[in-house]
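A look at the structure
Read off the chains here:
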Amino acid sequence: MKTYSKKDILDLYNTPLMALIFEAATVHRLHHDPSKIQVSTLISIKTGGCPEDCGYCPQAARYHTAIEKNELMPVSSVINLAKKAKQNGSSRVCMGAAWRNVKEGEDFEKVLEMVRGISHLNMEVCCTLGMITESQALRLAEAGLHYYNHNLDTSEAYYKEIISTRGYEDRLETLKNVNKGALKVCSGGIIGMGERVEDRIEMLMSLLRLDRVPDSVPINALVPVEGTPLATENTVPVWDIIRMIATTRIVMPKTTVRLSAGRTEMSTEAQALCFMAGASSIFTGEKLLTTPNPGEDKDAEMFSILGLIPTENTKENSDKFKIRKPILKNDTAVKWTRPGHTIERNVKATKQAKALRKNQK
Ligand code: SAM
Ligand code: DTB
Ligand code: SF4
């Protein structure tokens, strides 16, 4: 695989737009069927009340956001939602939980049951549950999990401006564990959080430096949510999303590049340019985890206009997972770091939320 310096990737990103899209489309066609689109559905299995302070996230307990907090959903409800997603044309379900990290016990056992259940529907399964250990990754793989999503979100330098309750190193450690568990890695980030273009490029470099290039890279445009520290960020220009997707496609030719959060702000024309530039996957359904998303009908109409065909339901690698034996290491006492530096706008949003709650009492 070709290696890129930071300057190479920056130059690519800044290529005149039409030339950049053409190059990305050419790479895309060498490794993917450009008429196919992979469609995933998100299920928020445990919503809100998260102890972390991610500046973009409506699920952080400390910010006053309008989302409804829920405990872990019953296994049967999740399976029913997955069945519906399959009927609506999704080939993969991604279950998200507002956890800092996975804790052993009843909840994790339930998640394993959800994974088994969805995998038996002949669908691919992905989870995003926060930080996990190597043995947890292995147990998830044994249950039939295909992908684990854990985003680097931005560059290591800018991460400190967004999150103070965990370090970049912890993210990298979890991705190592995911890889050791032979799960496919899904890791990407968010643009539009006030970062520089260099931060976007450095994030791509961090992804390229992982033990294995990620199988899937979600590119999210920030959905600014009232109450969060990033609520007042401007909507990221669509041209930046297209550039980011095209650049990711060129440097990671075989990876699935997912046009993720932010599609409600995008026209069909803008999304078409993203697909042309190498995006090969989306999340469908009225909701992402907590924020709106174009529904299945709208996406079906878009696919029909653009001549895109959702990929079939597959359970690739299922045999590989069946023969895998989990190594039940006693690594649950692992200590994740808590950098605990101060981010002014996060502190401000937390104080505002506290005052609001007090006034509402
Ligand atoms: N708690 C787990 C974690 O942080 O890894 C999993 C759930 S978390 C909501 C999954 C990802 O959603 C985040 O890493 C972030 O990239 C994305 N995300 C969260 N809020 C977002 C927002 N407002 N706009 C765009 N992406 C967002
Ligand atoms: C990812 O990169 N984007 C998805 C999925 N992985 C879990 C989540 C987007 C969340 C957007 C904010 C929300 O709906 O809460
Ligand atoms: Fe919690 Fe994940 Fe949201 Fe951060 S992104 S606050 S870890 S749910």
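Here the structure is a predicted model, which is why all the values come from computation and not from measurement.

1. Considering the overall build of the protein
Counting secondary structure elements, the protein contains 13 helices and 10 strands. Computed over C-alpha atoms, the radius of gyration of the protein comes to 19 Å, within 12% of the 21 Å expected from 2.2 N^0.38 for 361 residues, which places it in the range of a compact globule. Reported as C-alpha extents along the three principal axes, the dimensions of the protein are approximately 55 × 50 × 40 Å. The proportion of buried residues among the 361 residues of the protein is 48%. Taking all contacts inside the protein whose residues are at least 6 apart in sequence as the whole, residues at least 24 apart take part in 81%.

2. Let's talk about the site of ligand 2
Taken together, 17 residues lie around ligand 2, and Pro 218, Leu 288, Leu 289, Thr 290 and Thr 291 are the ones closest in. Elements that contribute at least two residues to the shell around ligand 2 include exactly strand 2 (92–97) and strand 7 (216–221). Broken down by class, the residue content of the shell around ligand 2 amounts to 8 nonpolar, 9 polar and no charged.

3. Brief notes about the nonpolar core
Counting 92 residues, the largest nonpolar core has Tyr 148 and Ile 245 as the members making the most contacts within it. Setting aside chain neighbours within four positions, we find Tyr 148 in contact with Cys 126, Cys 127, Ala 137, Leu 140, Val 178, Leu 183, Val 185 and Cys 186.

4. Some words on the packing of helix 10 (residues 268–276) against helix 11 (residues 296–306)
At their nearest, the axes of helix 10 and helix 11 sit 11 Å apart, and the two run at 65 degrees to each other. The hand of the helix 10/helix 11 crossing is right-handed. Residue-level contacts link Thr 268, Gln 271, Ala 272 and Phe 275 of helix 10 to Met 302, Ile 305 and Leu 306 of helix 11. Of the residues belonging to the contact of helix 10 with helix 11, the class tally is 5 nonpolar, 2 polar and no charged.

5. Some words on the environment of Thr 174
Looking at the secondary structure, you find Thr 174 in helix 7 (residues 168–180). Judged by C-beta crowding, with 26 C-beta atoms within 10 Å, Thr 174 ranks as buried. Separated by 26 residues in the primary sequence, Thr 174 and Tyr 148 place their C-alpha atoms 9.7 Å from one another. Ignoring sequence-local partners within four residues, the contact set of Thr 174 consists of Met 131, Ile 132 and His 150.

6. Structural notes on the environment of His 28
By the element assignment, His 28 lies in helix 2 (residues 17–31). In this structure, the C-alpha to C-alpha distance between His 28 and Lys 254, residues 226 residues apart in sequence, is 8.1 Å. Those residues in contact with His 28 that lie beyond four places of it in its chain are Pro 34, Arg 249 and Gly 278.

7. Some thoughts on helix 1 (residues 6–13)
For helix 1, the full list of buried residues reads Ile 9, Leu 12 and Tyr 13. All buried residues of helix 1 lie within an arc of 100 degrees about the axis, which places them on one face of the element. Where helix 1 is buried, its residues meet helix 2, helix 8 (197–208) and helix 9 (238–251).

8. What to know about the packing of helix 1 against helix 8
Two quantities define a packed helix pair, namely the angle between the axes and the distance from one axis to the other. Look at helix 1 against helix 8: their axes get within 10 Å of each other, and the N-to-C directions meet at 125 degrees. Relative to helix 8, the element helix 1 lies oblique. Helix 8 is crossed by helix 1, and the crossing has right-handed handedness. The segment helix 1 lies against helix 8, with Lys 6, Ile 9, Leu 10 and Tyr 13 engaging Val 197, Glu 198, Ile 201, Leu 204 and Met 205. Split by residue class, the contact of helix 1 with helix 8 holds 7 nonpolar, no polar and 2 charged.

9. Focus: the confidence of the model for the protein
Scored by pLDDT, the protein comes out at a mean of 93, with 94% of its residues at no less than 70. Between residues 317–324, whose pLDDT stays under 50, and residues either more than four places distant or in other chains, the model counts 7 contacts.

10. Description of the pairing of strand 7
With 6 of 6 residues buried, strand 7 lies mostly within the body of the structure. In this structure, strand 6 (residues 189–191) lies alongside strand 7, joined through 3 bridges in parallel fashion. The partner of Ile 190 across the bridge, within strand 7, is Asn 220. For strand 7 and strand 8 (residues 256–259), the ladder comprises 4 bridges, and the chain directions are parallel. Note that in strand 8 the partner of Pro 218 across the bridge is Arg 258. Handedness of the crossover joining strand 7 and strand 8 through helix 9: right-handed.

11. Focus on the pairing of strand 3 (residues 124–128)
Buried residues dominate strand 3, accounting for 5 of its 5 residues. Here strand 3 shows two buried faces, one formed by Glu 124, Cys 126 and Thr 128 and the other by Val 125 and Cys 127. Looking at chain direction, strand 2 and strand 3 are connected through 5 bridges and run parallel. In the sheet register, Cys 94 faces strand 3, and the bridge partner there is Cys 126. The parallel pair strand 2 and strand 3, bridged by helix 4 (residues 106–119), forms a crossover whose chirality is right-handed.

Reading the values: rules and limits
- Residues numbered from 1 in each chain as written.
- Chains lettered and ligands numbered in written order.
- Predicted model: local features only at pLDDT ≥ 70, side-chain atom pairs only at ≥ 80, totals over all residues.
- Helix = DSSP H or I, 4+ residues; strand = E, 2+ residues; numbered from the N terminus.
- Rg over C-alpha atoms; globule rule 2.2 N^0.38 Å.
- Buried ≥ 20, exposed ≤ 12 C-beta atoms within 10 Å, placed from the backbone.
- Contact = placed C-beta atoms within 7 Å.
- Near = placed C-beta within 6 Å.
- Nonpolar A, V, L, I, M, F, W, Y, C, P; charged D, E, K, R; others polar.
- Core = buried A, V, L, I, M, F, W, Y, C linked by C-beta atoms within 7 Å.
- Axes fitted to C-alpha atoms, helices over the stretch in contact; angles between N-to-C directions.
- Left-handed = near helix turned anticlockwise from the far one by under 90°.
- Arc of directions from axis to C-beta.
- Parallel < 35°, antiparallel > 145°, perpendicular 65-115°, else oblique.
- pLDDT = per-residue confidence, 0-100.
- Pairing = 2+ DSSP bridges.
- Right-handed = clockwise from strand over helix to strand, strands pointing away.

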